[in-house]
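Residues per chain, in single letters:
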Amino acid sequence: MNSKAIIGIATVLACAAIASASLFGSTLKSVAFADVQRKSERVDIYGVLDKPSIKAIRGATMVQFDLIEEKTNQRLTVVYDNPNSALPPNFPGASHARAAGVWDPSRGALVSNFVTTKCPSKYEEKNMDATTRKLVDQWKESTGQSGS
Amino acid sequence: MQEFLVKSTGLGLAVTGGNIAIWLGLASAVLSVIFYWIAMLRSPKGEAAASGTASIKGATTVDPRELSCRKFQNLGKRFFTFTCGFCVLGSLCLWSLIFSQQYTIHYVFKNSNSSLHPGFRFASFWGDQQGTFFLWGLYNAVLGAVFLRKCRESERWVMPFFGLINVSLFLLLSLMNPFWIDNPNEVRAVLTEMKAPESFLAILPTNTMEHLKYYFGWATYLKKTDGRGLNEQLQNFWMVIHPPTLFLGYASMLIPSAFALGALMKRDYNTWVKEAAPWLTFAWAVLGTGIFLGAYWAYETLGWGGYWSWDPVENSSFIPWLVGTALLHGLLAQGARGNFKQANLFLGGFLGTTVLLGSFLVRSGVLDGISVHSFASPQESVYATLLGILILWFTLSIGIWTWRFRDIQSEIAYDTVWERHFGFFLGLIVLSASAAVITFGVTMPIWGAWFRVGQKTVDYSFYNKALLPVTFVMVLLMGITPLMPWRKVREDRGLAMFAKVVLALMGVACLWFSGAAVYAWQGGFSRQNDPAFAAFGMMLLIAVTVNLRQLVKASGGGLLACGPWLAHTGFIIMLGAIVVTSRFNVTFPVEGVAQGEPVKIMGREFSWAGQRTAENSHDRDRMLIDMKGPDGKVTQLAPKLFISKQTDEAMGWPEIRHEWVNGAWGDIYVVPSGVDLDNSAGVEDVAKEEPATMSVQHSKTDPKEQVQVTFHGLDTSELQKMMNGKNMPAEPKIYGDVSISVNGAPVQKIRPAILVAPGEGERPFKFVPQKYPITGLNQSSPYALEFSTNMNPGDLKGVFKLVPENPVPRGHFQVLYVPGIQFMWWGAYVMIVGMFISYRRRSLLSRKALQVAAAAEAVRASPAGSKSSRRQSPVGVTTTL
């Protein structure tokens, strides 16, 4: 085997070893809401942000909110607690959120210090039905049938 | 009635034109690819192919097989031109619908509205997936036209692959038609439910012909007066130019990839290097610029003080850039020495795969729930199309490369380890390894699902941990390779003093980094990383010194010779800024400050100064914050804090000031979090017998105190009396049965009341919460409890609110300090300038090299001797890259 192959393979193996080693402590298991309470390690959940449930406990650095799992419609409370970093101000406008944390049975919530929100670049489509309904309402108003 | 309906010839023309453009565009793209593939497969390969075109030019008779190939090639070209024309037509139709505000069209409704600035309205074209497909198609049209003009000899080898992209784009457009109008059956269902008038229902189609008229824009529709509009965060100058730049980068990256595949098919493994190098440099520069613009937008808009979060969407653009960088260096080496042919052809084919992989990851919905960017999951056919083109390109690139592998004769990669080609060799591996690590991280959820080990993701720490050592080696190579001679055998001189010093310092940095990496490992890569950062910083300083020296040396050869060194220098400066900003950025949350109340942060005083309403339709409401500097000068900051028109939710955009803080140059980054006007605290949806806690702090000098409430039930006796009309009280009330505990004190039973007052309109009553004074709190203002309920006997819930007697509005904001961030942007500017200068140089060199090659071929093919022609050929032009 020539030196090129040896050096090349050694470099590739070194990179692979570094990548593998880097996985320790950096992987998060995405779990279903129903499984969160059974896990003792740090897990990752993702769901629809229930906006009315958002409660600021300590400004934006401790915020409680509920996520709703889309498949099952199950609800889970998350307490974001990170004194060093507030949630982004656009958090309340997010459609979905992903929270990484550990289940705290005493609080009945997933305590998380890392929350990412779905970039609002493409919000879920607002239902076109709403526009049609609004139009009909406007017609009813214009014809005095709004109370009917 | 007519004001609620709309029928427009413009709508009909644009929708019909758009639909025709999509379907005919798809047909012509398919035909173009078929004809190009026939031309390619029937063409001679190997040396015959390399000299074929020139021979034809000089020969008086043409090989019938070649004639046939040219016929198919011309057909392919003609249909490619049609495809481009249909893409332009479709795009114009969509733009016309956007500018004429035809909200009947779902795409226009979703991405545009009447209050949009014309510039943003133009940009709303690429506000969603379909528009970006059109945009990509437009770029393909322009790039294809330039390619056909400049690289005629390679047409039949490159276009069969490049044309495949057009097929997939039009297939996707036909599946996700941007000219779609609401499904009439769904509209009918809503109208029926709403008891809408018959005249509304009558406009909906009932037979095939009416349906055709409806979907092609010629029917009468319910008039939608406005659209939902482009998301406010996208209404930003950088976001307007970021997507088109990025897509130009993607589209142009596929050309060098197609060149590599064409070279493999042609069995000509050398010529493509000269032709592909300028395309690759252009694509590399544009994609790099696009990535930078996205990072800058995130920093300026998103309010978390960062610019990169290792999100799949970001990674999807970074992977092709890294592979393109590796390929670029490989092509440079091959142009100079003829080595790395197998590696370059592999990377070339794979480059296209990485672009398509990125598209698949962010558009198919496969990472929905993983990425913070949102692309709503499309239908399965779209998923299949994206996956199909990815698999096809991957199979072609790997398959043809494997098929030709033994046929590729490459020069030896390097003679000794102390020459630049060895540095290039390692650079190729390290860059490819970086791309592989990121690809592994971003696709991990897919592997997890495929191998049934559960969906796993990696957080940002994986990329930081894995790439810090790899990038360290990359910087080492950027510092050491310029010191190496091009070929040891030619330049066997001793080391200069500068090189000796640099090597010694690099040795120290390497040893230091190795020890520091072990130390960082012991700290879990989070607590004790500073020594590793310091070693990394030392290596960056050495590398930037070497590259600046090379830059000075190269400047003697003119601006065009400076490109690579500028790009290297800029890249190293950026890396330095990344380390500094990641390590030293700090966040100071400022919560609940009264108006004018100062908070001291980093030698400055910040105070909330109120709010300001939007000054015009393009402005937004703002939060006013005074910043008093160390010199006593007060600057008023006015970051935007407003209610989104689309989501009715609060949005805050940061305001950024460049300042010297404690001797370091950085950004003071102020993000508004919100304004609390009544300084109250509350809990909602409190179920019976479930304790709920509220925290109060009236002012900064007051203690934070807890009030726990438990809701037991309701006393509705007075309401019952009122309903029965017997012994009706003057002011009937509902009472809550509530236990309360202040700061953990013994529980007291209280009965907060809700007044039942006469209602208005359809509502006979209204419920007005009454204030119940709370004792035991040590706040500077007395507090009272307001109680309300949902009055649902089946699922009774209480709502509690603690309100101060003397409400004081409070402001919430954050102050971040991001040191050295300007070096990030300056480094990026320098790198981008360097990349575009490199492109210019590659372009000129390639043109000259091709002119020389063509002249040599013409001379060789000329039957009337070649002496005179040889004398006329360009002299003194280097053919190496």
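Residues numbered from 1 in each chain as written. Chains lettered and ligands numbered in written order. Predicted model: local features only at pLDDT ≥ 70, side-chain atom pairs only at ≥ 80, totals over all residues. Heavy atoms only, no water.

### Quick look at the overall build of chain A
A count of helices and strands for chain A gives two helices and six strands. Put simply, chain A runs from its N terminus to its C terminus through helices and strands in the order α-β-β-β-β-β-β-α. Here chain A, with 148 residues, has 47% of them falling under the buried criterion. Nonlocal contacts in chain A, meaning residues at least 24 apart in sequence, comprise 48% of its contacts between residues at least 6 apart. If you sum the accessible surface of chain A, you get close to 7000 Å²; carbon and sulfur atoms cover 53% of it. (Helix = DSSP H or I, 4+ residues; strand = E, 2+ residues; numbered from the N terminus. Buried < 20%, exposed > 50% of the residue type's maximum accessible area, 1.4 Å probe, protein only. Contact = heavy atoms within 4.5 Å. Areas by Shrake-Rupley, 256 points an atom, 1.4 Å probe, with all protein chains shown as cover.)

### Concerning unusual backbone geometry
All names here are of chain B. The backbone of F340 shows a phi angle near 55°, a positive value even though the residue is not glycine. Within the fold, F340 resides in the loop between helix 13 (312–337) and helix 14 (341–363). Although it is not a glycine, M791 sits at a positive phi angle of roughly 60°. Residue position: M791 is located in the loop between strand 21 (783–789) and strand 22 (797–804).

### So, the environment of A433 of chain B
You can see A433 of chain B is positioned in helix 16 (residues 420–442). For the pair A433 of chain B and V470 of chain B, spaced 37 residues apart in the sequence, the C-alpha separation amounts to 8.0 Å.

### Describing the pattern of salt bridges
Under the criterion given, the structure shown has 21 salt bridges over all chains. Measuring nitrogen to oxygen at the nearest pair gives 2.8 Å for the salt bridge that ties R267 of chain B to D407 of chain B. A residue pair is termed long-range when its members are at least 10 positions apart, and R267 of chain B in the loop between helix 11 (237–266) and helix 12 (271–301) and D407 of chain B in the loop between helix 15 (380–404) and helix 16 qualify at 140 residues. The partly exposed category is assigned to R267 of chain B, whose relative accessible area is 37%. The closest approach of N and O atoms between D715 of chain B and R751 of chain B, which form a salt bridge, is 3.1 Å. Separated by 36 residues along the polypeptide, D715 of chain B in strand 15 (residues 705–715) and R751 of chain B in the loop between strand 17 (748–750) and strand 18 (753–758) bring together distant segments of the chain. D715 of chain B gets classed as partly exposed once you look at its relative accessible area, which sits at 23%. When its relative accessible area of 44% is taken as the criterion, R751 of chain B is described as partly exposed. Through salt bridges that share partners, D50, D66 and R75 of chain A make up one connected network. (Salt bridge = Lys/Arg side-chain N within 4 Å of Asp/Glu carboxyl O.)

### Overview of the sheet that holds strand 5 (residues 599–601) of chain B
Residue and element names in this part refer to chain B. Ordered in space as 5-6-7-8, the four strands form an open sheet in which the pairing is antiparallel. Two strands bound the open sheet, and with one partner strand each, they are strand 5 and strand 8 (634–637). The average undirected angle you get between the axes of adjacent strands in this sheet is 30°. Bridge count for strand 7 (residues 622–628) against strand 8 is four bridges, and the pairing is antiparallel. Its bridge partner lying in strand 8, M627 is registered against T635. (Pairing = 2+ DSSP bridges. Axes fitted to C-alpha atoms, helices over the stretch in contact; angles between N-to-C directions.)

### Thoughts on the pairing of strand 22 of chain B
All names here are of chain B. Summarising the sheet, strand 13 (residues 681–687) and strand 22 pair through five bridges and their orientation is antiparallel. Residue pairing in the sheet places A687 in a bridge with K797 of strand 22. Two strands pair when backbone bridges link them, and strand 21 and strand 22 are joined in this way by seven bridges, in the antiparallel orientation. Within strand 22, the position partnered with L785 by the bridge is L802.

### Some remarks on the packing of helix 3 (residues 64–99) of chain B against helix 7 (residues 155–175) of chain B
Residue and element names in this part refer to chain B. Look at helix 3 against helix 7: their axes get within 11 Å of each other, and the N-to-C directions meet at 35°. In the crossing of helix 3 with helix 7, the sense of the turn from one axis to the other is left-handed. Taking contact as the criterion, the partners of E66, C69, R70, Q73, K77, F80, T83, F86 and C87 in helix 3 are, on helix 7, E155, R156, M159, F162, N166 and F170. (Left-handed = near helix turned anticlockwise from the far one by under 90°.)

### Describing a nonpolar patch on the surface
Where nonpolar side chains cluster on the molecular surface, the patch consists of F440, W447, W450 and F451 of chain B and spans about 490 Å² of accessible area. Within the element layout of this structure, W447 of chain B appears in helix 17 (residues 444–450). (Patch = residues over 30% accessible without salt bridge, like charges linked within 9 Å, V, L, I, M, F, W, Y side chains within 5 Å.)

### Some words on the packing of helix 6 (residues 129–150) of chain B against helix 7 of chain B
Residue and element names in this part refer to chain B. One can describe the packing of helix 6 onto helix 7 by two numbers: an axis separation of 9 Å at closest approach and a directional angle of 160°. Put simply, helix 6 runs roughly antiparallel to helix 7. Considering the relative orientation of helix 6 and helix 7, their crossing is left-handed. In this structure, helix 6 contributes Q130, F133, F134, W136, G137, N140, G144, F147 and L148 to the contact, and helix 7 contributes E155, V158, M159, F162, I165, N166, L169, L172 and L173. The residue makeup of the contact of helix 6 with helix 7, split by class, is twelve nonpolar, five polar and one charged. (Parallel < 35°, antiparallel > 145°, perpendicular 65-115°, else oblique. Nonpolar A, V, L, I, M, F, W, Y, C, P; charged D, E, K, R; others polar.)

### A few points about the environment of P482 of chain B
Residue and element names in this part refer to chain B. As for its placement among the helices and strands, P482 is situated in the loop between helix 18 (460–480) and helix 19 (497–522). Between the alpha carbons of P482 and I625 there is a distance of 50 Å; along the sequence they are 143 residues apart. Not counting chain neighbours up to four residues away, the residues in contact with P482 comprise R420, L477, V546, N547, Q550 and W565.

### Looking at the pairing of strand 4 (residues 75–81) of chain A
Residues and elements named next belong to chain A. Examined bridge by bridge, strand 3 (residues 62–68) and strand 4 share seven bridges and lie antiparallel to one another. Bridge pairing in strand 4 places M62 opposite D81. As consecutive antiparallel partners, strand 3 and strand 4 are separated by six residues, and within that stretch N73 has a phi angle of approximately 65°, a positive value. Pairing geometry for strand 4 and strand 6 (residues 109–117), over three bridges, is parallel. Bridge pairing in strand 6 links V79 to V111.

### Side note on the state of the cysteines
Counting across every chain of the model gives zero disulfides over all chains. Here C93 of chain B is not cross-linked by a disulfide; its sulfur's nearest cysteine counterpart is in C87 of chain B, at 11 Å. (Disulfide = S-S within 2.5 Å.)

### Examining a positive patch on the surface
All names here are of chain B. Side chains of R149, K150, R152, R840 and R847 sit close together on the surface and give a patch of like positive charge. Secondary structure elements with two or more residues in the positive patch: helix 6 and helix 23 (821–861). Mapped onto the elements, R847 comes out in helix 23. By relative accessible area, R847 is classed as partly exposed at 39%. (Lys, Arg positive; Asp, Glu negative; His and termini not counted. Charge placed at Lys NZ, Arg CZ, Asp CG, Glu CD.)

### Digging into the packing of aromatic side chains
All names here are of chain B. Applying the stated criterion across every chain yields a total of 56 aromatic pairs over all chains. On the numbers, 5.6 Å between centres and 85° between planes, the contact of F79 with F82 is edge-to-face. Residue F79 and its partner F82 are both found in helix 3; the two are separated by three residues, about one turn of the helix. Take F79: its relative accessible area is 19%, and that puts it in the buried class. With 5.0 Å between their ring centres and 65° between their planes, F346 and W401 make a pair best called edge-to-face. Of this pair, F346 sits in helix 14 while W401 sits in helix 15; the two residues are 55 residues apart in sequence, bridging distant segments of the chain. (Phe/Tyr/Trp six-rings, centres within 6.5 Å; stacked < 30°, edge-to-face > 60°.)

### A short note on the environment of R98 of chain A
All names here are of chain A. If you trace the backbone, R98 turns up in strand 5 (residues 96–104). Taking relative accessible area as the criterion, R98 reaches 12% and is therefore assigned buried. On a C-alpha basis, the gap between R98 and N73 in space is 16 Å, while along the polypeptide they are 25 residues apart. For R98, the side chain forms a polar contact with the side chain of D44, separated by 3.2 Å. (Polar contact = N/O pair within 3.5 Å; in protein donor to acceptor, adjacent residues only side chain to side chain.)

### Side note on the sheet that holds strand 20 (residues 771–774) of chain B
All names here are of chain B. On the basis of which strands lie adjacent, the open sheet formed by four strands has the order 13-22-21-20 and antiparallel pairing. Edge strands, defined here as strands with exactly one partner in the open sheet, are strand 13 and strand 20. Mean inter-strand twist for the sheet, computed between neighbouring axes without regard to direction, equals 25°.

### Describing the domain arrangement of chain B
Domain annotation for chain B reports domain 1 (1–45 + 63–230), domain 2 (239–281 + 323–413) and domain 3 (681–808). Computed over C-alpha atoms only, the centres of domain 1 of chain B and domain 3 of chain B are separated by 58 Å. (Domains from an automatic or database assignment.)

### A closer look at the side chain of E419 of chain B
Here E419 of chain B lies in the loop between helix 15 and helix 16. Here R337 of chain B takes part through its side chain, which lies 2.5 Å from a polar atom of the side chain of E419 of chain B.

### Section: the side chain of T581 of chain B
All names here are of chain B. With respect to the element layout, T581 can be found in helix 21 (residues 563–584). Within the local environment of T581, its side chain forms a polar contact with the side chain of Y307, the two groups lying 2.6 Å apart. Apart from residues lying up to four places away in sequence, T581 is in contact with Y307, V818, P819, G820 and I821.

### Observations concerning the confidence of the model for chain A
Residues and elements named next belong to chain A. In this model, chain A carries a mean pLDDT of 78, and residues with pLDDT of at least 70 account for 82%. For chain A, the element scoring lowest by mean pLDDT is helix 2 (residues 128–142), at 73; strand 4 scores highest, at 92. Every residue in residues 120–126 is under pLDDT 50, and counting partners more than four places away or in other chains gives 26 contacts. (pLDDT = per-residue confidence, 0-100.)

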